[in-house]
Amino acid sequence: MLRQLHSLPGLFAALLVMLLAISGAILSVDPALERLNGTSTAVGQVNVGQLAGRVADHFPGVEQIQRTASGTVIVYFNQAGQVGAEKVDPLTGQGLAPYEPSTFSRWTKDLHRSLFLGTAGHGVAGAGALFMLMLAVSGALLLVRRVSGWRNLWRPLRGDFSQRWHAEAGRLAVLGLLLSALSGLYMCATTFDFIADGSQIEPALPDRISAGPALPVASLKALQATDLNDLRELVYPSPSNPQDVFSLRTARGDGYVDPVSGTLLSYQAHGSMHNLYELIYQLHTGEGLWWLGLLLGACALCVPLMSVTGIQMWWRRRQAGPDIRHNSTAQTADSVILVGTETNTTWGFACALHDALHQAGHRVHSAAMNQYTNDYISAQRVFILTATHGDGNAPASASQFLARLASAGLKPGQPFAVLGFGDRQFAQFCQFAHQVQEALLQAGGTPLMGLETINRQSSQEFARWGHALGEVLGQDLTLVHTPRQPQTHQLVLAQRIAYGEQVEAPTHVLRFKATGKLPDFEAGDLVGILPPGSPVPRFYSLACDSRDGVLEICVRKHKGGMCSEYLHGLHIGAPIEAFIQPNPQFRPASGAHPVILIGAGTGIGPLTGFIRNNKAHHPMHLYWGGRNPTSDFLYESELNHYLADHRLTALHAAFSQVSDRSYVQDRLISDAQVLRRLIEKGAQVLVCGGREMAKGVMLALDEVLAPLHLNVRTLKAQGRYREDVY
Amino acid sequence: MKKIIAATCLAGVIALPGVAQAREVTLTTQLKRYSGNDAYLAIYLTDATGQYQKTLWVAGKKAKYYKHLADWARGSKMSPSEFDGVSGASVGSGDTLKVSVELADTLIDAGYQIRIDSAVEDKRDARADVSVPLTSAGAGKPAAGNTYVESFTYDL
């Protein structure tokens, strides 16, 4: 809901908001430029009487003196029918240059406030400010949700380019954008007279002035009593009208000055509405507050970046999302399908179930598990199809499901069925599906059938589950799932570096080149490779960025491992079919905090990629475990090279098949003091390798962290501990 | 291209005491080409000493900017009854404003003047941009303005 509140106005008004932001950013420079070119005077240094006297020496036909909020003094004069305007030096009254407002600034200003559309345009610009306000508020709430709490708002951010920079720019600029949007809305409201700006109340013109000759302007007491910094405008009496008076407008109020006696007449202080208007005008334009103007301008410049990255993210979400035909609403559906998936593959199964139920005459509603609400009024059955992410965690589209179920509850006795998707190779097979089953039972649901699991996207197992379900429903249900293959790229093997033959852990670093253009990826992303004859891809962590011009992986040969044997047997120049699966959670966070990289065996691959890209020389500490330094010290020379050029701060390698054998966990324990200091400095930990190693590392780090009253679980909750395990 | 803004004032008979005869007068104001937003104009009648008498036309709809038409603003005190029914849109650079107003015969050749105050946002305010005597002889003869007005003509 919150996301829709953010992305819909964002999409709808992206162009308008960008236009307002860019034009606003351009205008924001004006006050600073004006200030740079002007002469500022201290309070008490020059009064308006002095200034008027000096100006009179140089401009006999002066009609009006203006002082802008940024301090420029402008004199308007009419000498024998020749009119002119001149910027003057307030200290001498001498003309500096003819005053001609910049055409470009005026054009930009018109664009900014009315898009050259006159009154209607003011309305459009006001709507733009309203959109900006909605985007800033909903965006801030989304960001807080993403980092789980206000306190974590300044924690380093993760994600791909769009995700990271959208949020990064957002949190930097949100206050400035809120200020600009709110003050802009207020100014629009005053334009349409929805709010009074207090400027219409004019002091009454005095009835008559003292008799006698007019005094020299410099001797008028009321002008002497006004500091130049308070002056807004001084309008001289009309030369043809002997009864006329000076009009004096100041920052505090307006009145008239008797040219004979020099007294201030009919003075009227500005009302609170007027002062409010002036304050908000200043906050919006930065006039007289040049530094604020520049800050707001910088914030506004974040808007185009956020618009573009925002649209990109929306498009990607849309592309990734399922295309469900005949989706009934949550309230009318008799069958509800909720999907938990990390990579959207589970949606393929959900669609097959959806179609089959629809054809059997059911009204079916499918949604992501995160969209769970307790208003499936007509639902006779709820299906949960969910994968498990990482070490028994919820996948992306189900990350909030358990919390939502706990707060919204479940219809009493609601029949349900959970189908888990996973890979039996992993210890925590379908762990999250089990958690959901348990939670639904706790919430008072009635199982329609027992929890079933599907191993490795098996279409046969899925069809079997469909038959079982059909029996429960008393209908024939045929579930046909055709796995949707991601679009693959053809790559050819360009280079192979072999390690570990002597220690019975043959490991190859493989570098592929694209036959056409390399797809986009970063170190830490995954490449899915389809070995010939298998529809199921195997995933490997990438050890480099697409900018490096090659695709590099590190593969250890497993006995009977279909894909690793295939890759180890590839000849140079042989083609493979591969696709990229982004894994934005696993990469170093933005910012200069230290990074602790921990891995064993081929887990070194993405870690080396991170180090290779550490061109900003942030502190990076690598802990790695291998078997024997003479045989499987992967990337040894490259890592030494990075140590020398400071991309890598420290390298701690442990070897298990040498006389004083040690494991990477032992290295962590023996280096506990250094690690604690790094963690105290806000370091993040990235772990890559096998599941057993990851467990050992977690235990070792818990031991290391205990004196700090911290543990891995806390670091994980703070987003400072990330794993890529296999 | 010139845009002709024409408006006719039907009800604006100037009711000076003892006046019975009135006639329609056409006021044509052509603006110079300047860089800036549309101009606000006040066309009004003064006596020979420049004292405000009567508003003939106000171009510009936002009353909060009227104070920039300084002499007129002082004379009329910007009271809405002074310009009720004799106001219209502001006039753009290079455009022509053509309006017809009713004027009592006794005001002609009686020492009165027609004046125009003009103002453009963020630019100078011009008091008495135009100032011409209201005479039968001066009718139809263009008078030059000194700030935003290129020429002003009244046709009796």
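Predicted, not measured: the structure shown is a model, and the values here were computed from it. (Residues numbered from 1 in each chain as written. Chains lettered and ligands numbered in written order. Predicted model: local features only at pLDDT ≥ 70, side-chain atom pairs only at ≥ 80, totals over all residues.)

A. How the structure looks around the overall build of chain A. On a plain count of helices and strands, chain A comes out with 20 helices and 25 strands. The burial tally for chain A puts 39% of its 726 residues in the buried class. (Helix = DSSP H or I, 4+ residues; strand = E, 2+ residues; numbered from the N terminus. Buried ≥ 20, exposed ≤ 12 C-beta atoms within 10 Å, placed from the backbone.)

B. The arrangement of the overall build of chain B in detail. On a plain count of helices and strands, chain B comes out with 2 helices and 10 strands. The buried share of chain B, reckoned over its 156 residues, is 38%. The long-range share in chain B, meaning contacts at least 24 apart out of those at least 6 apart in sequence, stands at 68%. (Contact = placed C-beta atoms within 7 Å.)

C. Local environment of the sheet that holds strand E8 (residues 264-269) of chain A. All names here are of chain A. One open sheet holds the 8 strands; their spatial order is E4-E3-E2-E1-E5-E6-E7-E8, and the pairing between them is antiparallel. This sheet does not close on itself; its edge strands, each paired only once, are strand E4 (95-98) and E8. Here the average twist between neighbouring strands, direction ignored, is 20°. Examined bridge by bridge, strand E5 (residues 231-235) and strand E6 (residues 246-250) share 4 bridges and lie antiparallel to one another. Note that in E6 the partner of Val235 across the bridge is Ser247. The sheet strands contacting helix H3 (residues 48-58) are strand E1 (62-67), strand E2 (73-79), strand E3 (82-88), E4 and E5, and the helix crosses E1 at an angle near 135°. (Pairing = 2+ DSSP bridges. Axes fitted to C-alpha atoms, helices over the stretch in contact; angles between N-to-C directions.)

D. The arrangement of the interface of chain A and chain B in detail. Listed per partner, the contact involves 18 residues of chain A and 20 residues of chain B. Put simply, the parts of the chain that give the side of chain A that touches chain B at least two residues each are E1, E2, E3 and helix H4 (103-114) of chain A. Its residues placed into classes, the side of chain A that touches chain B shows 6 nonpolar, 9 polar and 3 charged. (Nonpolar A, V, L, I, M, F, W, Y, C, P; charged D, E, K, R; others polar.)

E. Representation of the pairing of strand E7 (residues 113-119) of chain B. Residues and elements named next belong to chain B. Summarising burial for E7: 7 of the 7 residues are buried, a large majority. Across the two faces of E7 the burial is the same, with Gln113, Arg115, Asp117 and Ala119 and Ile114, Ile116 and Ser118 all buried. Examined bridge by bridge, E7 and strand E8 (residues 125-133) share 6 bridges and lie antiparallel to one another. Bridge assignment links Ile116 to a residue of E8, and that residue is Val130.

F. Here's a closer look at the sheet that holds strand E18 (residues 538-541) of chain A. Residues and elements named next belong to chain A. With antiparallel pairing, 6 strands are arranged side by side in an open sheet as E18-E17-E20-E15-E16-E19. This sheet does not close on itself; its edge strands, each paired only once, are E18 and strand E19 (551-556). The sheet shows a mean angle of 40° between the axes of neighbouring strands, taken without regard to direction.

G. Layout of the pairing of strand E11 (residues 381-387) of chain A. All names here are of chain A. Burial of E11 is extensive: 7 of the 7 residues sit out of reach of the surface. Covered by surrounding structure in E11 are Arg381, Phe383, Leu385 and Ala387 together with Val382, Ile384 and Thr386, the residues of both alternating faces. Where strand E9 (residues 335-340) lies against E11, 6 bridges are found, and the strand directions are parallel. Its bridge partner lying in E11, Leu338 is registered against Ile384. Here E11 runs beside strand E12 (residues 415-422); their pairing, made up of 6 bridges, is parallel. Directly across from Val382, in E12, lies its bridge partner Phe416.

H. How the structure looks around helix H2 (residues 29-37) of chain A. When H2(A) is considered as a whole, its buried residues turn out to be A:Asp30, A:Pro31 and A:Arg35. One face of H2(A) carries all of its buried residues, which in axial projection span an arc of 130°. (Arc of directions from axis to C-beta.)

I. Looking closely at the packing of helix H1 (residues 2-27) of chain A against helix H5 (residues 118-146) of chain A. Residues and elements named next belong to chain A. Following both chains from N to C, one finds H1 and H5 inclined at 140°, their axes separated by 8 Å at the closest point. Judged by the inter-axis angle, H1 sits oblique to H5. Considering how the two elements wind past one another, H1 and H5 form a crossing that is left-handed. Taken together, the residues of H5 that come into contact with H1 (itself represented by Leu2, Arg3, Leu5, His6, Pro9, Gly10, Ala13, Leu16, Val17 and Leu20) are Ala125, Gly128, Phe131, Met132, Met134, Leu135, Ser138, Gly139, Leu141 and Leu142. For the contact of H1 with H5, a count of residues per class yields 14 nonpolar, 5 polar and 1 charged. (Parallel < 35°, antiparallel > 145°, perpendicular 65-115°, else oblique. Left-handed = near helix turned anticlockwise from the far one by under 90°.)

J. Broad picture of the environment of A:Gly409. All names here are of chain A. Note on placement: Gly409 falls in the loop between helix H11 (401-408) and E12. Spatially, the C-alpha atom of Gly409 lies 6.4 Å from that of Ala443, the residues being 34 residues apart in sequence. Setting aside anything within four residues of it in sequence, one finds Gly409 in contact with Asn374 and Ala443.

K. Spotlight on unusual backbone geometry. Positive phi values are uncommon outside glycine, yet A:Asp193 reaches one of about 60°. Position of A:Asp193 among the secondary structure elements: in the loop between helix H6 (161-191) and helix H7 (221-224). When the 12 C-beta atoms within 10 Å are taken as the criterion, A:Asp193 is described as exposed. Phi at B:Asp122 is positive, roughly 60°, even though this residue is not glycine. Its place among the elements puts B:Asp122 in the loop between E7 and E8. Classification of B:Asp122 by C-beta neighbours within 10 Å gives exposed; the count is 12.

L. Spatial organisation of the environment of A:His571. Residue and element names in this part refer to chain A. Tracing the backbone through its elements, the reader meets His571 in the loop between helix H14 (562-568) and strand E20 (575-581). His571 sits in the exposed class, given 8 other C-beta atoms within 10 Å. Residues His571 and Val492 lie 79 residues apart in sequence; the distance between their C-alpha atoms is 9.3 Å.

M. The arrangement of the confidence of the model for chain B in detail. Residue and element names in this part refer to chain B. Per-residue confidence for chain B gives a mean pLDDT of 85, with 87% of residues at or over 70. Residue range residues 1-19 is modelled with pLDDT below 50. Its contacts to residues more than four positions away, or to other chains, number 38 contacts. For this predicted complex, the interface confidence score (ipTM) comes to 0.78, while the overall pTM stands at 0.66. (pLDDT = per-residue confidence, 0-100.)

N. Molecular detail of helix H15 (residues 604-612) of chain A. A large share of H15(A) lies buried, amounting to 9 of its 9 residues. Buried residues of H15(A): A:Ile604, A:Gly605, A:Pro606, A:Leu607, A:Thr608, A:Gly609, A:Phe610, A:Ile611 and A:Arg612, and no others.

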